[in-house]
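Structural overview
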Protein chains: 2
Amino acid sequence: MGRWVSDAPGRLRAAALELFSECGYEGTTVADVAARAGLSERTFFRHFADKREVLFDGSRALEREIVAAIATAGPGPSLGVALGGIAAGARVLEVAVGHERARRRARLVASSDELREREQMKMAELSDAVTRALAARGCASGEAGIAAGVAVVTFQAAFAAWTGGDGEAGLAEELSRAVGALATLAAGVRPREES
Amino acid sequence: MGRWVSDAPGRLRAAALELFSECGYEGTTVADVAARAGLSERTFFRHFADKREVLFDGSRALEREIVAAIATAGPGPSLGVALGGIAAGARVLEVAVGHERARRRARLVASSDELREREQMKMAELSDAVTRALAARGCASGEAGIAAGVAVVTFQAAFAAWTGGDGEAGLAEELSRAVGALATLAAGVRPREES
């Protein structure tokens, strides 16, 4: 095995998904994952902080994509800008991960409390990042937090529909459905000034 | 110490909050908490599954309150019903916990990744419970999930403003501000039919 191995993180991710699916998350060690990938445990820990993280490191790339789209968006209402950022991130995620891998990963996360906690935490961190990105555009802090939270909830609904479905509808399509549902729901909440 | 001690959970909660604040969450053991409350470790574990749970068992009562309010609400748009349920839960929570205790607890949770993960998980569980309560009223499943998520995000924003503030504004008032902000934001998202 050469010292420089191309795409070690990608191989470790694929090996982890395979082994966790075959033997369960709890029943698999970092050593098992590294061995399956033909790499050392040390290489694993050079790329991932712990066993859980190998399933979650894509969330950082998603966050960067969303934040960049928000920072460079034209003027518009905060929630619309946040949802536009989410849509940009979803497009990249859909291509990078693909339906089959996303579906297997979602099943795995649902099977373990520990993984579900990490997933929720990642979504909370994404929401914080979107809040900061909106605030940097001048959105008032109370509004920014709510707009970010609502946008992330909409993303989660679309992601769940995508990974829970047969892949016929893509993530982008599920997101546009979720935004449609949000718009319908939002019509039921009236601004205080109007009441 | 008698065998029947009145309000053991309440005493354990208060002792935990004191000790976690004084010595840090990591530096405090269940044995320490039990000793401070004048109770045994066994009594602790009769009431709480683990060390973290002593800070989170109120979320079950909050959830019950919110779900009951949604189940008994009159007809109305889903998101309005969900927000009404949240408001009913917030009223009970505000009285039961009080600003000072909520503020200390929030600071504690923010200080530890482990506690923040559990908090996010509780909010995800609350969102699932609200989703089921809305679905039981006949709300379509895609919409129910988004309405529930949006209502919980609004609650979290109000709760953060309340616990981060000086207590001048109550939780109910912060919630009504957050709903106002949500309504303003929502006005920026148009239903697809209209576009």
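Every value quoted in this text rests on a predicted model; they were computed, and no experiment measured them.

**Considering the interface of chain A and chain B**
- Contacts between the two partners involve 36 residues from chain A and, on the opposite side, 36 residues from chain B.
- In total, chain A and chain B occlude about 3,100 Å² of area from one another, counting both sides; carbon and sulfur atoms represent 74% of this.
- It is Glu 117, Ile 146 and Leu 185 of chain A that lose the most area in chain A upon contact with chain B, and together they represent 21% of the buried surface on that side.
- Run the count over chain A and chain B and you get four salt bridges.
- The partner of Arg 118 of chain B in a salt bridge is Glu 117 of chain A, and the shortest N-O contact between them spans 3.5 Å.
- One can count one residue pair in polar contact (both at pLDDT 80 or more) joining chain A with chain B.
- Within the residue set of the side of chain A that touches chain B, elements represented by two or more residues are α5 (78–97), α7 (113–136), α8 (141–164) and α9 (171–186) of chain A.
- Element by element, the count of residues in the side of chain A that touches chain B is highest for α9 of chain A, at 11 residues.

**Some details on the domain arrangement of chain A**
All names here are of chain A.
- Once the domains are mapped, chain A shows domain 1 (8–54) and domain 2 (56–188).
- Measuring from the centre of the C-alpha atoms in domain 1 to the corresponding centre in domain 2 gives 26 Å.
- Summing the contributions of domain 1 and of domain 2, the shared interface buries around 1,200 Å²; its carbon and sulfur component is 48%.
- Considering only the surface of domain 1 that becomes buried against domain 2, Leu 17, Arg 52 and Glu 53 emerge as the three largest contributors, covering 54% of it.
- On inspection of domain 1 and its partner domain 2, the count reaches five salt bridges.
- Counting across the domain 1 and domain 2 interface gives eight residue pairs in polar contact (both at pLDDT 80 or more).
- Its residues assigned to classes, the side of domain 1 that touches domain 2 shows five nonpolar, one polar and six charged.

**Details of the environment of Val 67 of chain B**
Residues and elements named next belong to chain B.
- With respect to the helices and strands, the residue Val 67 is situated in helix α4 (residues 58–72).
- Taking the C-alpha atoms as reference points, Val 67 and Ala 82, separated by 15 residues in sequence, lie 8.8 Å from one another.
- In contact with Val 67, not counting residues within four places along its chain, are Ala 129 and Ala 133.

**Regarding the packing of α4 of chain B against helix α5 (residues 78–97) of chain B**
Residue and element names in this part refer to chain B.
- Two numbers describe how α4 lies on α5: the axes approach to 8 Å, and their chain directions differ by 140 degrees. Looking at the two axes, α4 sits oblique to α5. When you trace α4 past α5, the crossing you get is right-handed. Mapping the contact onto sequence places Leu 62, Glu 65, Ile 66, Ala 69 and Ile 70 in α4 and Val 81, Ala 82, Gly 85, Ile 86, Ala 88, Gly 89, Ala 90, Val 92 and Leu 93 in α5.
- The residue inventory of the contact of α4 with α5, partitioned by class, reads 11 nonpolar, two polar and one charged.

**Quick word on the pattern of salt bridges**
- Tallied over the full model, the rule gives 30 salt bridges over all chains.
- Put simply, Glu 117 of chain B and Arg 52 of chain A hold a salt bridge, and the shortest N to O gap is 3.5 Å. A residue pair is termed interchain when its members come from two chains, as with Glu 117 of chain B in helix α7 (residues 113–136) and Arg 52 of chain A in the loop between α3 (41–47) and α4 (58–72).
- The exposure class assigned to Glu 117 of chain B is buried, which follows from its relative accessible area of 9%.
- On the accessibility criterion, Arg 52 of chain A (13% relative accessible area) is buried.
- What you see here is one network of salt bridges that share partners, running through Asp 50, Arg 52, Glu 53, Glu 114, Arg 118 and Lys 122 of chain A together with Glu 117 of chain B.

**Description of the packing of aromatic side chains**
- Scanning the model with the defined rule gives 10 aromatic pairs over all chains in all.
- Between the aromatic rings of Phe 44 of chain A and Phe 48 of chain A, the centroid separation amounts to 5.3 Å while the plane-to-plane angle is 50 degrees, which identifies the pairing as tilted.
- What makes Phe 44 of chain A buried here is its relative accessible area of 1%.
- Taken together, the ring pairs in this structure connect Phe 44, Phe 45 and Phe 48 of chain A into an aromatic cluster.
- A cation over a ring is seen here: Lys 51 of chain B above Tyr 25 of chain B, with NZ or CZ 4.2 Å from the ring centre.

**Let's talk about the side chain of Lys 122 of chain B**
Residue and element names in this part refer to chain B.
- Counting through the fold element by element, Lys 122 comes out in helix α7.
- Of the residues examined, Lys 122 reaches a relative accessible area of 13% and is grouped as buried.
- If we ignore the near neighbours within four places in the chain, the residues touching Lys 122 are Glu 53, Phe 56 and Ser 59.

**Quick word on the environment of Glu 18 of chain B**
Residue and element names in this part refer to chain B.
- Tracing the chain through its elements places Glu 18 in helix α1 (residues 8–23).
- Owing to a relative accessible area of 31%, Glu 18 belongs among the partly exposed residues under this scheme.
- For the pair Glu 18 and Glu 53, spaced 35 residues apart in sequence, the C-alpha separation works out to 15 Å.
- In this structure Glu 18 touches Arg 36 and Arg 104, once residues within four positions along its chain are discounted.

**A few points about α9 of chain A**
- The end-to-end C-alpha distance of α9 of chain A, which contains 16 residues, comes to 22 Å, matching closely the 22 Å that a straight helix rising 1.5 Å per residue would cover.
- Among the residues of α9 of chain A, Leu 171, Glu 174, Leu 175, Ala 178, Gly 180, Ala 181, Leu 182, Ala 183, Leu 185 and Ala 186 of chain A are the ones counted as buried.
- Each element contacted by the buried residues of α9 of chain A is listed here: α5 and α8 of chain A together with α5, α8 (141–164) and α9 (171–186) of chain B.

**Overview of the side chain of His 99 of chain A**
Residues and elements named next belong to chain A.
- Within the secondary structure layout, His 99 lies in helix α6 (residues 99–110).
- One polar contact links the side chain of His 99 to the main-chain carbonyl oxygen of Trp 162, over a distance of 2.9 Å.
- Leave out the neighbours within four places in its chain, and His 99 touches Trp 162, Thr 163, Gly 165, Asp 166 and Gly 167.

Each value, and the rule that gives it
- Residues numbered from 1 in each chain as written.
- Chains lettered and ligands numbered in written order.
- Predicted model: local features only at pLDDT ≥ 70, side-chain atom pairs only at ≥ 80, totals over all residues.
- Heavy atoms only, no water.
- Contact = heavy atoms within 4.5 Å.
- Buried area = accessible area lost by both parts, 1.4 Å probe.
- Salt bridge = Lys/Arg side-chain N within 4 Å of Asp/Glu carboxyl O.
- Polar contact = N/O pair within 3.5 Å; in protein donor to acceptor, adjacent residues only side chain to side chain.
- Helix = DSSP H or I, 4+ residues; strand = E, 2+ residues; numbered from the N terminus.
- Domains from an automatic or database assignment.
- Nonpolar A, V, L, I, M, F, W, Y, C, P; charged D, E, K, R; others polar.
- Axes fitted to C-alpha atoms, helices over the stretch in contact; angles between N-to-C directions.
- Parallel < 35°, antiparallel > 145°, perpendicular 65-115°, else oblique.
- Left-handed = near helix turned anticlockwise from the far one by under 90°.
- Buried < 20%, exposed > 50% of the residue type's maximum accessible area, 1.4 Å probe, protein only.
- Phe/Tyr/Trp six-rings, centres within 6.5 Å; stacked < 30°, edge-to-face > 60°.
- Lys NZ or Arg CZ within 6 Å of the ring centre and 35° of its normal.
- Expected span 1.5 Å × (residues − 1).

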